[in-house]
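# Structural overview for review
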Amino acid sequence: MTTTIVEADHILLGFTAEGAPDLVENGALLVENGVVREVGDRAGLQRSHPDAGRVGGRGQVAIPGLVNAHHHVGLTPLQLGSADHPLELWFASRLALRDVPARLDTLYSAFEMVASGVTTVQHLHSRAPGGPDAVLAAAGAVIDAYREIGMRASYSFALRDQNRLVYEADEAFLERLPPDLRPAMAAYFRRFALPLAEQVAVFHALRGRYAGEDRIAIQIAPSNLHWLSDAALASAAEMAAETGAPVHMHLLETPYQRAYASKRTGGSALEHVHRFGLTGPHVTLGHGVWMTQADIDLCAGTGTRICHNCSSNFRLKSGVAPLNRFTAHGIPVALGIDEAGINDDRDMLQEMRLVLNVHREPGIDSPHPKPADILRMATEHGAATTPFGTRIGHLRPGGAADIVLLDWNRLTYPYQNPEIALLDVLVHRARRECVRTVLVAGEVIYEAGIFTRVDRPGTLADIAQRMGLPLDGAERERRQLAAAVMPHVRSFYDGYIDEAFGPPHTRPNASA
Ligand SMILES: [Zn+2]
């Protein structure tokens, strides 16, 4: 048995039901076999466990590991050749992305996440080309990279069976293209045409393969309403009912998606997926920027969760999610960095600070999230969106020992008035360089800038070498295709929202 005592001047065990921080001063955690067994005083635990290893110490603050509850890729689309666009055009510009080997790609963003205090990631694998064996191999390469670095990961391979580029059938979109463009576009669609039944089989195969693993779990990601037929929505709900695996689904990310839902269903996207059973505490909706008040009520009434992807919503011109309305209705909100944060990286401390400040509505009494609310979103609420659930996101006995130790001396140097609440200082001021030690399941995976299991400089050098090669033939073709289809994608969305809801002046409640 491995026994460790984790010591810190302040330990954040978690939050009370009312959201107040549960802090222990000058305490210690007894960790056995990756699990917090006891919270006690330092001297007492040292006496009763004289042979235990010791981590942390004076001048440090311990918090539960952070959860990045919405993540897709490693090197960012910007790095790989796609500038930021409104989401619907970005799908087209991303055709140009270069290929990165899955291990290197996954490690790249894992380095960024762990170094900013993330111990658990919700990895939503959007797409991988080929048949079931190729998709399983791609999934395995991503998951193996997390196992290699020691992170906890909830992995899902996104379900998707239609409308692969714009919000209409692939065949209909091909008809819009000049004949000389059709073969290349059709060939692209064919690469990602795994039948629904085989996508479901991939999920079950992965669940079987990783069933016994402490740090890896498999969940369900119906990608988004427009990408799913009703049959696929029904399949996702069935998979959840059959296995108890939680569900993470993009929904209502942009106004175009709200218009799409109206055209398809005559009502709201959320009402539609609700009819299929895709609401409830086991369901998390990614984004939810364009929810109406009725959607928010439905979300709250069914206990459905939301993952707020603030940076992404800015970068892709999706809008500002009504976070204060979500929380006023008691909806648990997690935080996700999505494809890339505001600094084009996966810095969870930065993302928390962004969310803290974006939703400070003007006015003395108007609502705004408090630093403690933000940290609870990034821990407890993020945890609840994953299959790890209440095993993570807190440091109380019985919970996984996923712990971040912050160098408080560095964070507060040269001075910090002690009357400012600890969590206020933490959320406002913590930078990556203050992250001293990161433990997952009681194991130190990062300490003083060094990853204990993976050679970061060597891996980055491998990425530099691999990506320094010239574009291969397939990459060059996709780059040309992206540029060639872009005007057709753009014209597809001309007037799209007006068609669904009428011109703006006839929509008194357009943004409600
Ligand atoms: Zn996403």
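Look up: the structure comes first, before these words.
Residues numbered from 1 in each chain as written. Predicted model: local features only at pLDDT ≥ 70, side-chain atom pairs only at ≥ 80, totals over all residues. Heavy atoms only, no water.

The protein atoms that coordinate the zinc ion are H70 (NE2), H72 (NE2), H250 (NE2) and D338 (OD), at distances of 2.0 to 2.7 Å. Here the zinc ion is ringed by four donor atoms whose angles at the metal span 80 to 175°, and the overall shape comes out irregular. In the primary structure, the donors to the zinc ion are separated according to the pattern H-x1-H-x177-H-x87-D. Of this pair, H70 sits in strand β5 (residues 66–71) while H250 sits in strand β10 (residues 247–251); the two residues are 180 residues apart in sequence, bridging distant segments of the chain. A relative accessible area of 11% places H250 in the buried class. (Donors = N, O, S within 2.8 Å, 3.2 Å for Na, K, Ca; no water. Tetrahedral: all angles 85-135°; square planar, octahedral: opposite > 155°, others 65-115°. Helix = DSSP H or I, 4+ residues; strand = E, 2+ residues; numbered from the N terminus. Buried < 20%, exposed > 50% of the residue type's maximum accessible area, 1.4 Å probe, protein only.)

Moving on: the side chain of T459. Structurally, the position occupied by T459 is in helix α19 (residues 456–467). A relative accessible area of 3% means that T459 is categorised as buried. In contact with T459, not counting residues within four places along its chain, are L104, L107, F111 and V454. (Contact = heavy atoms within 4.5 Å.)

Turning next to the nonpolar core. If you look at the biggest cluster of nonpolar residues, it comprises 133 residues, and the most contacted ones within it are L165, M185, M352, L426 and V485. In terms of residues, this core owes the most to one element, helix α5 (residues 132–149), which gives eight residues. Viewed by domain, this core spans two of them, domain 1 (3–64 + 396–454) and domain 2 (66–391), each represented by three or more residues. With residues near it in sequence (within four places) discarded, M352 still touches L66, L335, I374, L375, A378 and V427. Listed in part, the 15 residues of the second largest apolar core include L13, V31, V36 and L405. (Core = buried A, V, L, I, M, F, W, Y, C linked by side-chain atoms within 4.5 Å. Domains from an automatic or database assignment.)

On the surface, a nonpolar cluster with roughly 240 Å² of combined accessible area is contributed by F314, V320 and I342. Mapped onto the elements, I342 comes out in the loop between β13 (333–335) and α15 (348–358). What makes I342 partly exposed here is its relative accessible area of 37%. (Patch = residues over 30% accessible without salt bridge, like charges linked within 9 Å, V, L, I, M, F, W, Y side chains within 5 Å. Areas by Shrake-Rupley, 256 points an atom, 1.4 Å probe, with all protein chains shown as cover. Salt bridge = Lys/Arg side-chain N within 4 Å of Asp/Glu carboxyl O.)

Looking now at the sheet that holds strand β1 (residues 3–15). On the basis of which strands lie adjacent, the open sheet formed by eight strands has the order β3-β2-β1-β4-β14-β15-β16-β17 and mixed pairing. At either margin of the open sheet sits one strand with a lone partner, and together these are β3 (35–41) and β17 (450–451). Note: strand β2 (residues 21–32) against β3, six bridges, orientation antiparallel. For G27, the partnering residue across the bridge sits in β3 and is D41. (Pairing = 2+ DSSP bridges.)

Further remarks concern the pattern of salt bridges. Between side chains of opposite charge, a pair can form as their charged atoms come close. The full count for this structure, using the stated rule, is 27 salt bridges. Across the pair D170 and R164 runs a salt bridge whose closest N-O atoms are separated by 2.8 Å. Comparing D170 with R164 shows no difference in burial state: the two are buried. Among the charged side chains, a salt-bridge network with shared partners connects R152, D214, R391 and D402.

Below, the discussion takes up unusual backbone geometry. Look at the link from Y413 to P414: it is a cis peptide, with omega at 0°. Checked against the element boundaries, P414 lands in the loop between α17 (408–412) and α18 (422–429). Even without being glycine, A448 reaches a positive phi, approximately 50°. Note on placement: A448 falls in the loop between β16 (443–447) and β17.

Contact geometry of α5 with helix α8 (residues 196–209) gives a least axis separation of 10 Å together with a crossing angle of 40°. Classified by the angle between their axes, α5 and α8 sit oblique to one another. In terms of crossing hand, the pair formed by α5 and α8 is right-handed. On the side of α5, the interface is formed by P132, V135, L136, A139, G140 and I143, while α8 contributes E198, V202, A205, L206 and R209. Across the contact of α5 with α8, the residue classes tally to eight nonpolar, one polar and two charged. (Axes fitted to C-alpha atoms, helices over the stretch in contact; angles between N-to-C directions. Parallel < 35°, antiparallel > 145°, perpendicular 65-115°, else oblique. Left-handed = near helix turned anticlockwise from the far one by under 90°. Nonpolar A, V, L, I, M, F, W, Y, C, P; charged D, E, K, R; others polar.)

A word on helix α4 (residues 102–115). Compared with an ideal rise of 1.5 Å per residue, which puts 14 residues at 20 Å, α4 spans 20 Å between its outermost C-alpha atoms and is within 8% of the ideal. What α4 keeps buried is the set L104, D105, T106, L107, Y108, S109, A110, F111, E112, M113, V114 and A115. Following α4 by one or two positions, G117 has its phi on the positive side, about 95°. (Expected span 1.5 Å × (residues − 1).)

The N-to-C vectors of helix α16 (residues 371–384) and α18 enclose an angle of 70°; their axes lie 8 Å apart at closest approach. One element, α16, and the other, α18, form an angle in the roughly perpendicular class. Along this stretch, α16 crosses α18, giving a crossing that reads as left-handed. The residues of α18 that touch α16, namely those facing P371, A372, I374 and L375, are L423, D424, L426, V427 and H428. In terms of residue class, the contact of α16 with α18 is made up of seven nonpolar, one polar and one charged.

Glancing now at the sheet that holds β10. Note on sheets: strands pair through backbone hydrogen bonds, and any given pair is parallel or antiparallel. If you walk across this open sheet you meet the four strands as β10-β11-β12-β13, and the pairing is parallel. If you trace the sheet from one side to the other, it starts and ends with β10 and β13, each paired once. Between one strand axis and the next, the sheet turns by 30° as a mean value, whatever way the strands run. Two strands pair when backbone bridges link them, and strand β11 (residues 283–287) and strand β12 (residues 305–308) are joined in this way by three bridges, in the parallel orientation. For T284, the partnering residue across the bridge sits in β12 and is R305.

So far we have only geometry, and geometry alone does not tell us how the molecule works.
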